[in-house]
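Observations on the model geometry
Chain by chain, the residues run as shown.
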Amino acid sequence: MRFLPVGDSMTIGATGDFTWRYRLWQHFETVCPDSYEIVGPRTTLYDPGTNAALSDAYADPSFPPAARRHLAGWGEGWLHMAPVIADAVREAEAEVLLVSLGLIDLGFYSDAEQTAANARAFIAAARTADPHIRMVLLPVIPNVRAESDAPFAASCARFNELLAKAVADLATPSSPLLLASRPPGYDIHTDTYDGTHPGPTGEHLLAAAFADAMHQAWGLGGPYARQRTSQRSAVPQPEPPQSALPKSSLPQPA
């Protein structure tokens, strides 16, 4: 299977990050090393120093270049990905989209209803490139802003309702849609480094959300190794990456 990760800053990552994409690559290498490929038009991380996606400085430099491929961008949401997803699917010959979008939209670009409309447009566009494309969609995980901004928290909850409805309305036998579950126990105070972007434990939990959803619903791959996430204290905590610092003037939904 050919997997294309699609997302915003939580997916692209920044200089010094591992990313959940890296954790998912490790998982695939364990459960199905000869039957998958990660595809996409981009490979880099966001570089705070240049305010652009120009960094190759992953936390593990042995992360293979081919496995780094994705369609993700700092400050990009459904609004930005809907117009480009068809070309990305067509050119990469992607078979499964792993999508984590919405937080930046709700924080800066659109309300819940508009964001849901853009998600539906994304799904329709992807199907113009491949009518049999599969998609796994992760609901929005409210960040630290939601703790003090009640309207924003309500907007996140409303969008998640609308995303679930879109999945139910638009899923077909020939092009299945799967709504992943919010990772059980995901805590923005311990699983992120700034209240939004995943740290090591958060990366494992996000990778597990995608891996377990695909395995349980479609029999793809295998269950994510629970020892990676069952004891957070057992996961090494490196020095905060540069991405823990203020990135730039780009929008951050925090």
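For the structure, check the block above.
Figured I'd write up the structure that's included with this text. Residue positions are counted from 1 within each chain, in the order its sequence is given. Local features are withheld for residues below a pLDDT of 70 in this predicted model, meaning they are given only at 70 or higher, and side-chain atom pairs are given and counted only at 80 or more; totals for whole chains, interfaces and linings count all residues. By convention in this description, side-chain values take in all heavy atoms of the structure and omit both hydrogens and water.

**What to know about the side chain of R23**
We count a stretch as a helix when DSSP gives it H or I for four or more residues in a row; a strand needs E for two or more, and each element gets its number in order from the N terminus. Tracing the chain through its elements places R23 in helix α2 (residues 20-31). Relative accessible area decides the class of each residue, using a 1.4 Å probe on protein chains only: under 20% of the type maximum gives buried, over 50% gives exposed, and in between gives partly exposed. Accessibility expressed as a relative area gives 7% for R23, which makes it buried. There is a polar contact of 2.9 Å between the side chain of R23 and the side chain of E203. Counted as a polar contact is a pair of N or O atoms within 3.5 Å, where, for protein atoms, one must be capable of donating a hydrogen and the other of accepting one, and residues adjacent in sequence contribute only when both atoms are in side chains.

**As for the pairing of strand β1 (residues 2-7)**
Counting buried residues in β1 gives 5 out of 6 residues, a clear majority hidden from the surface. Bridge count for β1 against strand β2 (residues 37-38) is 2 bridges, and the pairing is parallel. Among the inter-strand pairings, R2 is bridged to a residue of β2, identified as E37. At least two bridges found by DSSP between two strands is the condition for calling them paired. Looking at chain direction, β1 and strand β6 (residues 96-100) are connected through 5 bridges and run parallel. Along β6, the bridge assignment pairs F3 with V96.

**What about the packing of helix α6 (residues 112-129) against helix α8 (residues 150-170)?**
Lines fitted to C-alpha atoms define the axes here, with helix axes fitted over just the stretch in contact, and angles between the N-to-C directions of these axes take values from 0 to 180 degrees. Where α6 contacts α8, the two axes come as close as 9 Å, and the packing angle between them is 30°. In terms of orientation, α6 lies roughly parallel with respect to α8. Along this stretch, α6 crosses α8, giving a crossing that reads as right-handed. On α8, the residues touching A112, E113, T115, A116, A119, R120, I123 and R127 of α6 are S155, R158, F159, L162, L163, K165, A166, D169 and L170. Nonpolar residues are Ala, Val, Leu, Ile, Met, Phe, Trp, Tyr, Cys and Pro. Charged residues are Asp, Glu, Lys and Arg, and all others, Gly as well, are polar. Taken together, the residues that form the contact of α6 with α8 break down as 9 nonpolar, 2 polar and 6 charged. Between 65 and 115 degrees an angle is taken as roughly perpendicular, under 35 as roughly parallel, over 145 as roughly antiparallel, and anywhere else as oblique. For any helix crossing, the convention is left-handed if the near helix is rotated counterclockwise from the far helix by under a right angle, and right-handed if that rotation is clockwise. We call two residues contacting when some pair of their heavy atoms lies within 4.5 Å.

**What about the packing of aromatic side chains?**
For this analysis, a ring pair means two rings from Phe, Tyr or Trp (six-membered ring only for Trp) whose centres lie within 6.5 Å, classed as stacked if their planes differ by under 30 degrees, edge-to-face if by over 60, and tilted for the remaining angles. Under the definition given, this model contains 10 aromatic pairs. Between F3 and F28 the ring centres are 4.7 Å apart and the planes differ by 25°, which places this aromatic pair in the stacked class. Residue F3 is located in strand β1, and its partner F28 is located in helix α2; the two are separated by 25 residues in the primary sequence. Just as F3 is buried, F28 falls in that class too. Plain terms: the ring middles of Y46 and W74 are 4.7 Å apart, the flat faces sit at 15° to each other, and that makes the pair stacked. Of the two residues, Y46 sits in strand β3 (residues 45-47) while W74 sits in the loop between β5 (71-72) and α3 (78-81), which places them 28 residues apart along the sequence. Considered together, Y46 and W74 belong to a single accessibility category, that of buried residues. Grouping aromatic residues by their ring pairs yields a cluster made of F18, Y22, W25, Y58 and F63.

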